[in-house]
Amino acid sequence: MRNTIFDTQAGTASLGGNGNYDFLPTLTDATIAADAPLAIAEMADLFGVTHRTLHFYEEKGLISPHRLGAMRVYGVDCIRRMSIISACREMGLSLASIQELMLQIADAQTQQEADLLFKTALETRKRELASELSTLHRQLQQIRTFTDGVSHGIPRKDECLPALTDQERDCLLLLTEGYKGAPLAERLGISGTQLIDLEDQLITKLGVANRYQAAAKALILGILTH
């Protein structure tokens, strides 16, 4: 584990080895061009964070201000590092990922290497977000499958709820718990063919398009108690 070495004149921190943050990724963020040095209140306002957040980043070795008496002072290097940290947080990188990235950047030997490290981290995050979006789209589609057409089929107050057998209720309840196919038939003690017939009955009785909508509508109508 690297030991943090503090330079009280420059207001920078190295992380052992060659880690002096000689090279930092170049960002077009206007915050980098802010007048330095900054007091903690100015630093917090610049990045829209609290004093506590800045203290937290200091404890994690991500930024290292120098002191003028009891006052923290943030130099250009600190501001540039904070700009990178802030950008990474905005893009959803975890604190652990940011710490690892900053350690790698601290050891960069050229500007090109520092920029490449930053770009690689962003590409990794991009792939993670793409995967998350794919999952969200799939979940949204499943929700639509459950709910499409269900609200239109809710009976008026003067209409009677469809009468269901105990087996039909059990089937709907198990559907809400995620059972389907062979496992569902086994829990109900019936064959696969009988399950198909049972699900068709439920779809017809509840006036929906599929078994998932049947389960959702049964919950909405209060046919299922839990």
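Further up the page is the structure itself.
Attention here is on the structure that accompanies the text. Model, not experiment: these values are computed from the prediction.

1. Concerning the overall build of the protein chain
The number of helices and strands found in the protein chain is nine helices and five strands. Listing each helix as α and each strand as β along the protein chain from the N terminus yields β-β-β-α-α-β-β-α-α-α-α-α-α-α. Residue burial in the protein chain is summarised as follows: out of 226 residues, 35% are buried. Sequence-distant contacts in the protein chain: of pairs separated by 6 or more residues, those separated by 24 or more amount to 62%.

2. Quick word on the sheet that holds strand S4 (residues 66–68)
If you walk across this open sheet you meet the three strands as S3-S5-S4, and the pairing is antiparallel. On the outer flanks of this sheet lie strand S3 (38–39) and S4, each paired with one strand and no other. Taken together, the three bridges between S4 and strand S5 (residues 71–74) define a ladder with antiparallel strand orientation. Residue pairing for S5: Arg67 is matched across the bridge by Arg72.

3. Remarks on the nonpolar core
Burial of nonpolar side chains together is a common tendency in soluble globular proteins. Ranked by internal contacts, the top residues of the largest apolar core, which has 27 residues, are Met43, Leu54 and Ile63. Looking at this core, the elements that each hand over two or more residues are helix H1 (40–47), helix H2 (51–59), helix H3 (76–90), helix H4 (95–106) and helix H5 (111–147). Sorting elements by how many residues they give to this core places H3 first, with six residues. Every residue in contact with Leu54, bar those within four places of it in the chain, is listed here: Ile40, Met43, Ala44, Val49, Ile63, Tyr74 and Met82. Core analysis: the next-biggest nonpolar cluster, separate from the first, contains 21 residues, Leu188, Ile190, Leu221 and Ile223 among them.

4. What to know about the pattern of salt bridges
Pairing is possible between side chains that carry opposite charge, provided their charged atoms lie close to one another. Counted by the stated rule, this structure contains six salt bridges. The salt bridge involving Glu58 is made with Arg72; its shortest N-O contact spans 2.8 Å. On the criterion of sequence distance, the pair formed by Glu58 in helix H2 and Arg72 in strand S5 is long-range, its members being 14 residues apart. Judged by relative accessible area, which is 18%, Glu58 ranks as buried. One salt bridge in this structure joins Glu128 and Arg125, with 3.2 Å as the shortest N-O distance. Here Arg125 and Glu128 lie together in helix H5, a separation of three residues that amounts to about one turn. One salt-bridge network, held together by shared partners, links Arg125, Glu128 and Glu132.

Conventions used here
- Residues numbered from 1 in each chain as written.
- Predicted model: local features only at pLDDT ≥ 70, side-chain atom pairs only at ≥ 80, totals over all residues.
- Heavy atoms only, no water.
- Helix = DSSP H or I, 4+ residues; strand = E, 2+ residues; numbered from the N terminus.
- Buried < 20%, exposed > 50% of the residue type's maximum accessible area, 1.4 Å probe, protein only.
- Contact = heavy atoms within 4.5 Å.
- Pairing = 2+ DSSP bridges.
- Core = buried A, V, L, I, M, F, W, Y, C linked by side-chain atoms within 4.5 Å.
- Salt bridge = Lys/Arg side-chain N within 4 Å of Asp/Glu carboxyl O.

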